[in-house]
Amino acid sequence: MNLGDREVFKEIIGRYPKRESAIVPIMQYLQKINNNYLSPEAMNAAAKMVNISRSRVYGIATYYTMFNTAPVGKYHLQVDTCVPGFLHGADEIVKYLSKKLGIAVGETTSDGMFTLSVVQDLASCATGPVIQVNDRYYENMTVRKANKLIKSLKNGKIPENHPSMNVVSRCGILLNDRTKRNCRTIGFYKDNGGYEGLKKAFTMKPDEIIDEVKESEIRGRGGAGFPAGMKWSFLPKKDPRPVYLICNADEGEPGTFKDRQIMEFNPHLLIEGVAITAYAIRAAKSFIYIRGEFSWIADTLEAAIKEAKKDGLLDHIDIVVHRGAGSYVCGDETALIESLEGKRGYPRVKPPFPANSGLYGCPTVVNNVETLSNVPYIIKNGAEAYRRIGILNNRGLKIFCVSGHVNKPGVFEYPLGTKLSEILKEAGGVKGKMKGIITGGLSVAILTASEAKDVSLDYDSCHKAGTALGSGGIIVINDTISIPDLALRTIEFYQHESCGQCTPCREGSRVIRDKLRSLVRGEGTMEDIDLVLHLCATIRGITICPTGDAFSVPIHSMITKFRPEFEALVKT
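Criteria and thresholds
- Residues numbered from 1 in each chain as written.
- Predicted model: local features only at pLDDT ≥ 70, side-chain atom pairs only at ≥ 80, totals over all residues.
- Heavy atoms only, no water.
- Patch = residues over 30% accessible without salt bridge, like charges linked within 9 Å, V, L, I, M, F, W, Y side chains within 5 Å.
- Areas by Shrake-Rupley, 256 points an atom, 1.4 Å probe, with all protein chains shown as cover.
- Salt bridge = Lys/Arg side-chain N within 4 Å of Asp/Glu carboxyl O.
- Helix = DSSP H or I, 4+ residues; strand = E, 2+ residues; numbered from the N terminus.
- Buried < 20%, exposed > 50% of the residue type's maximum accessible area, 1.4 Å probe, protein only.
- Axes fitted to C-alpha atoms, helices over the stretch in contact; angles between N-to-C directions.
- Parallel < 35°, antiparallel > 145°, perpendicular 65-115°, else oblique.
- Contact = heavy atoms within 4.5 Å.
- Polar contact = N/O pair within 3.5 Å; in protein donor to acceptor, adjacent residues only side chain to side chain.
- Expected span 1.5 Å × (residues − 1).
- Arc of directions from axis to C-beta.
- Pairing = 2+ DSSP bridges.
- Core = buried A, V, L, I, M, F, W, Y, C linked by side-chain atoms within 4.5 Å.

*Asks:* I'd like to hear about a nonpolar patch on the surface, residue by residue, with values.
*Replies:* Together, F226, M230 and F234 make up an exposed nonpolar region whose accessible area comes to about 290 Å². By the secondary structure assignment, F234 is in the loop between α11 (228–233) and β6 (244–249). The partly exposed category is assigned to F234, whose relative accessible area is 48%.

Here it is as structure tokens:
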């Protein structure tokens, strides 16, 4: 076993106020240098490195999906078969790869070259099907492209990934011109007005910045829509404990891939937002918790931080990019904090809230990538200018992600309150006849085509229509799709991602999955349909984090709105 470079371990441990927080990046490093395999010996070495028990390390390794506790092939092929991938034809890719390589899902070729797996949601919803090969994405895949990829890998060549999708920015604030080769550099960013908001912030008092963000009326863009400035103001006054700022970049909601666009192509916008927010809340340490699969984007962010430091812009704040290791639940702010502390990502019971007792028991603010990326514009141009974008109670702009059955899937930066029909038109229109649509990521209620006809994309209008804006992940479903199949694929995702801490979520998701599988196989009963509805109604609102609601709401809506499709599967 390769035990690695001690200087690397020292650097990793030095990033964190507490040694235990280094455990996940150390495990990631050991896995990477040992043929993508985290052996028992590697786990023991990691435990000694940070002075924690071997059992705790094993618990971490078996909790996060990106750790391989059994050997895998030289090339680990992981196909995203979650709902957006399913709609874009991922099952065909899995079937082809299985036949081409002569192995089933979960198996490795006899020569040790390839392991084939299916995974849940890689935030490549508009560029699917996607195959992740070790830590590299290959998007917009077809059978022909998959064949070419396998041939190249067999020859020892790692091809480049050049995905394409539709990118439209009506506001010109969050999505920059990615066609420019230097779009990620500080020079490009500053030439286009970057870091002027930070410079202005340094002329203001911290509380004045918080008031400005409050007056802008920006609501959190992670899904809940809680006012950002109000969240900052909850921090205790004159508290001797250090304050921490965490950027939630663990983008795992199926149908959502907006934060990735900012970090990958406009990284300095996020860095400026973090820098301003840290100054406002008096934080000297900030973490960008990015989902582990985004390894190349993490590298992009670290390069941007290095540039900004060299330019003297981050003297007041130390920003650390921390890679997660594969857990949907870590999108919950308290589960994220637990993970950052070097633990399994179990959500915490609230209260206490992170503002008073967050990271390491200290005052903490957790904001989403898109939320923080709006801050530079607000400070540079003022709250009044920001309020002029959007509509009453829904101020500002939003990146809408469109995937599924449209002709030109992609990301669309528009003011809140824009008609859904306008976004779909910009996405090239619906392929075929629309059957249903999801407006805010997979965890919100589905709308029928008639219900969606006049919907506007803002928090209040979506709520009035019986759904939610959520993360702004729009998934279009046409009439070629069976809603029971869609429901099954939905619950398979959430059952796989349940952390298991809450019985209603852990057991409820399993039972719903099993009942829907029986129905789809033609072995279900009318009582099974009623039981699933009963469980969905019972689970809502009784779990520690929103995951229980995240599957019970969409499944309940799919059955109630398309019940004849479920009943047609019951053999009398």
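Alright, that's what it looks like, and here's the rest.
*Asks:* Mind laying out the packing of helix α21 (residues 483–497) against helix α24 (residues 547–561), listing which residues take part and the relevant values?
*Replies:* Think of two packed helices as two axes; the pair is described by the angle between the axes and how far apart they sit. At their nearest, the axes of α21 and α24 sit 10 Å apart, and the two run at 175° to each other. By the angle between their axes, α21 is roughly antiparallel relative to α24. Note on element contacts: α24 touches α21 through T547, A550, F551, P554, I555 and M558, opposite I483, L486, A487, T490, I491 and Y494.

*Asks:* Tell me about helix α16 (residues 369–381), residues and numbers included.
*Replies:* For an α-helix, 3.6 residues make a turn, and residues three or four places apart therefore share a direction. Taking burial as the measure, the 13 residues of α16 include ten buried ones, the bulk of the element. Every buried residue belonging to α16 is among V369, E370, T371, L372, S373, N374, V375, P376, I378 and I379, and all of these are buried. Here α16 starts with a cap whose side-chain oxygen sits 2.8 Å from the backbone nitrogen of E370, and that cap is N368.

*Asks:* Break down helix α6 (residues 90–101) for me, with residues and values.
*Replies:* Here α6 contains twelve residues, and its C-alpha end-to-end distance of 17 Å stays within 8% of the 16 Å for a straight helix at 1.5 Å per residue. Along α6, the residues classified as buried are A90, I93, V94, Y96, L97 and L101. When α6 is viewed along its axis, its buried side chains cluster within an angular range of 165° and face the same direction. For α6, the exposed residues lying more than 90 degrees away from the buried face are E92, K95 and K99.

*Asks:* Could you give an account of the side chain of E338, naming the residues involved and the relevant values?
*Replies:* Structurally, E338 is set in helix α15 (residues 333–340). Its relative accessible area of 14% is what places E338 among the buried residues. At 2.7 Å, the side chain of E338 and the side chain of R348 are in polar contact. Here E338 is in contact with K343, R344, G345, Y346 and R348, once residues within four sequence places are set aside.

*Asks:* Outline the sheet that holds strand β16 (residues 447–448), listing residues and values.
*Replies:* With respect to topology, six strands assemble into an open sheet ordered β5-β13-β12-β18-β15-β16, the strand pairing being mixed. Each edge of the open sheet is held by one strand with a lone partner, namely β5 (166–169) and β16. Of the strand pairs in this sheet, strand β15 (residues 434–438) and strand β18 (residues 473–478) are connected by four bridges, and their pairing is antiparallel. Its bridge partner lying in β18, G436 is registered against I477.

*Asks:* Describe the environment of V520, listing the residues and the values that go with them.
*Replies:* Within the secondary structure, V520 sits in helix α22 (residues 503–520). Residue classification places V520 among the partly exposed positions, given a relative accessible area of 29%. When the C-alpha positions of V520 and P484 are compared, they lie 6.6 Å apart, and in sequence the two are 36 residues distant. Residue contacts for V520: discarding those within four places in its chain leaves P484, D485, L488 and L569.

*Asks:* Describe the pairing of strand β13 (residues 410–415), and please don't skip the residues or the numbers.
*Replies:* With five of six residues buried, β13 is to be regarded as a mostly interior element. Counted along the chain from strand β12 (residues 397–404) to the antiparallel partner β13, the turn is five residues long.

*Asks:* Break down the sheet that holds strand β1 (residues 75–80) for me, citing the residues and quoting the values.
*Replies:* Strand order in the open sheet formed by four strands is β2-β1-β3-β4, and the pairing between neighbours is mixed. Every interior strand has two partners, whereas the edge strands, β2 (114–119) and β4 (136–138), have only one. The mean angle between the axes of side-by-side strands here comes to 25°, regardless of whether they run parallel or antiparallel. In terms of strand pairing, β1 meets β2 through six bridges, oriented parallel. If you follow V79 over to β2, its bridge partner there is V118.

*Asks:* Give me the nonpolar core: which residues, what numbers.
*Replies:* Across soluble globular proteins, you tend to see nonpolar side chains buried next to one another. Counting residues in each nonpolar core, the largest one holds 81 residues, and the members touching the most others are I23, I26, M27, I512, L516 and I555. The element best represented in this core is α21, accounting for seven residues. Contact partners of M27, with chain neighbours within four places excluded, come to L38, A46, V57, I60, A61 and F67. The next biggest cluster of nonpolar side chains, apart from the first, holds 67 residues, and it includes V119, A228, L245 and I305.

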